[in-house]
Amino acid sequence: MRLPNPEFNILLFGPGMPASGVSGRAHFEDGVLVLHGQGHWYTAPSTDIRLKMGGFDGRQWVVEWASPVGVFTAILQGDEAVRQFIAEAPEPVAHRLHAARKVHTKRGFNFRLALAAMVAVVFLPVFSLVWFWLNADSFSKWAADQVSLEQEVKLGEMALAQMRGGMEFLPEDAPADEVVERIGVRLTAGSKYPFHFYVVRDPRVNAFALPGGPVVVFTGLLEAAHGADEVAGVLAHEASHVERRHVLRNMIHALGLRAVMAVALGDFAGGIWGDMAGRLAELSYGRDLEREADLDGLDLLRKAGLPAEGMASFFEKMAAREDGSIELLSSHPASEERLRALREAIAARGPYLHLSLDVDWDAIKKSLQDNS
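Analysis parameters
- Residues numbered from 1 in each chain as written.
- Predicted model: local features only at pLDDT ≥ 70, side-chain atom pairs only at ≥ 80, totals over all residues.
- Heavy atoms only, no water.
- Pairing = 2+ DSSP bridges.
- Helix = DSSP H or I, 4+ residues; strand = E, 2+ residues; numbered from the N terminus.
- Axes fitted to C-alpha atoms, helices over the stretch in contact; angles between N-to-C directions.
- Parallel < 35°, antiparallel > 145°, perpendicular 65-115°, else oblique.
- Left-handed = near helix turned anticlockwise from the far one by under 90°.
- Contact = heavy atoms within 4.5 Å.
- Nonpolar A, V, L, I, M, F, W, Y, C, P; charged D, E, K, R; others polar.
- Core = buried A, V, L, I, M, F, W, Y, C linked by side-chain atoms within 4.5 Å.
- Buried < 20%, exposed > 50% of the residue type's maximum accessible area, 1.4 Å probe, protein only.
- Polar contact = N/O pair within 3.5 Å; in protein donor to acceptor, adjacent residues only side chain to side chain.
- Phe/Tyr/Trp six-rings, centres within 6.5 Å; stacked < 30°, edge-to-face > 60°.
- Lys NZ or Arg CZ within 6 Å of the ring centre and 35° of its normal.

A. Representation of the sheet that holds strand β8 (residues 196–200). Here we have three strands laid out as an open sheet, ordered β8-β10-β9, and mixed in their pairing. On the outer flanks of this sheet lie β8 and β9 (207–209), each paired with one strand and no other. On average, each strand axis in the sheet is tilted by 15° relative to the strand beside it, whichever way the strands run. Judged from the five bridges that link them, β8 and strand β10 (residues 214–218) form a sheet pairing that is parallel. The residue of β10 that forms the bridge with Y198 is V216.

Following this line, the structure appears as structure tokens:
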């Protein structure tokens, strides 16, 4: 007794059948493809069979043949059906499918490669941005380390030039400008950076540093200070941000991946730096950078023979004000933890020989009002 040839699964389409097809089975018998589904039987001589690939990615194998009532199509269902078809089909048909399958495998690889390339083109910028965002601190530190002192100074000069058009800088011979410059020079004597200190007429309580050495103080901060020692504390803190390259790192961080690429390519004159002035005045520092600037600022005050108390008292008084007008605290948050750490650091360093600045601060404030 002859055993029936193994069958494989198909999805059958043809005249009089539903548009969704009919599930069925098929097998080869004496060189003829025999198919059946839902009680109907069909045959297709192997010499009439045409093979082709279908589906979105070419993974479907389609068997097609013509009959007196129209064209029938059978889709082989799954890899097992394809393997069974090759095993049972007459040699010419099996050979054609085997050869076509090799071509399909190569095309499939190329298709997946092309799809991967397309996905990379579409999503790589997004992945790059996410990756940069997750590693922004490390990237900005690395990029800052690649910038020479001369390039950093140039960036600061560029930013300062941009600011001059939108801010009212006091003349260099103005009393407030002279005293701020005198305090700053004393604090930064011997620094590798060419520090310069400027006063801008602005009622906000604020001060900030630029890359390479420029430090800008608002008249609102000078009016809020109770003496030159407090201003010295703020200037020491800002100068420490420059010395530690916090300003440069924050600038690169704020400008993003383009700034990192510009640094890597040595481009310090391109358009990427064009909007840095507006960014620098609003940058805020993280807790670790603030702590470093506090501690280094205390060292600068000690080295200059100026009292450390001025830094702590100014930040504490500003933090106690709750009217929301302290711009300085938006970029230099004065948390209780930070202020406590500052007090502890002053106590740990112990007393040292110092002398308060001999400045008539009331006269400085009056000069600001006289020239307003």
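B. A look at the packing of helix α12 (residues 309–320) against helix α14 (residues 336–349). α14 packs onto α12 with a crossing angle of 160° between their chain directions and a minimal axis gap of 10 Å. Relative to α14, the element α12 lies roughly antiparallel. The hand of the α12/α14 crossing is left-handed. When α12 is examined against α14, the residues E309, M311, A312, S313, F315, E316 and A319 are found in contact with a partner set consisting of R338, L339, L342, R343 and I346. Across the contact of α12 with α14, the residue classes break down as seven nonpolar, one polar and four charged.

C. Representation of the nonpolar core. Among the nonpolar cores identified, the biggest contains 52 residues, and I183, L187, L221, L222, L235, L301 and W361 are the most heavily contacted of them. When residues in this core are grouped by element, the largest group, eight residues, is from helix α7 (residues 228–243). Excluding its chain neighbours within four sequence positions, the residues that come into contact with L235 are V180, I183, G184, L187, F197, V215 and V217. With 24 residues, the next largest nonpolar core counts Y42, I49, A81 and V82 among its residues.

D. Structural detail: the side chain of D177. Tracing the sequence through the fold places D177 in helix α5 (residues 175–187). Within the structure, the side chain of D177 is placed 3.4 Å from the backbone nitrogen of V199, a separation counted as a polar contact. Excluding residues that lie within four positions of it along the chain, D177 makes contacts with L170, P171, E172, F197, Y198 and V199.

E. Quick peek at the packing of α7 against α12. Where α7 contacts α12, the two axes come as close as 7 Å, and the packing angle between them is 95°. By the angle between their directions, the pair α7 and α12 is classed as roughly perpendicular. Across the interface between the two elements, D229, E230, G233, V234, A236 and H237 of α7 pack against G310, M311, S313, F314, F315 and K317 of α12. Its residues placed into classes, the contact of α7 with α12 shows five nonpolar, four polar and three charged.

F. Broad picture of the pairing of strand β1 (residues 8–13). In the sheet, β1 pairs with strand β2 (residues 22–29) via five bridges, with the strands oriented antiparallel. The partner of N9 across the bridge, within β2, is R25.

G. A look at the packing of aromatic side chains. Taken as a whole, this structure holds 10 aromatic pairs when the rule is applied. Residues F208 and F218 carry aromatic rings whose centres are separated by 6.0 Å and whose planes lie at 85° to one another, so their mutual orientation is edge-to-face. Taken as a pair, F208 in strand β9 and F218 in strand β10 lie far apart in primary sequence, 10 residues in all. Here F208 matches F218 in class, with each residue buried. A network of ring pairs unites the aromatic residues F8, F28 and F85 as a single cluster. Across from the ring centre of F169, 4.6 Å away, lies the NZ or CZ of R164, which sits over that ring. We note R338 situated over the ring of F315; from NZ or CZ to the ring centre the distance is 4.5 Å.

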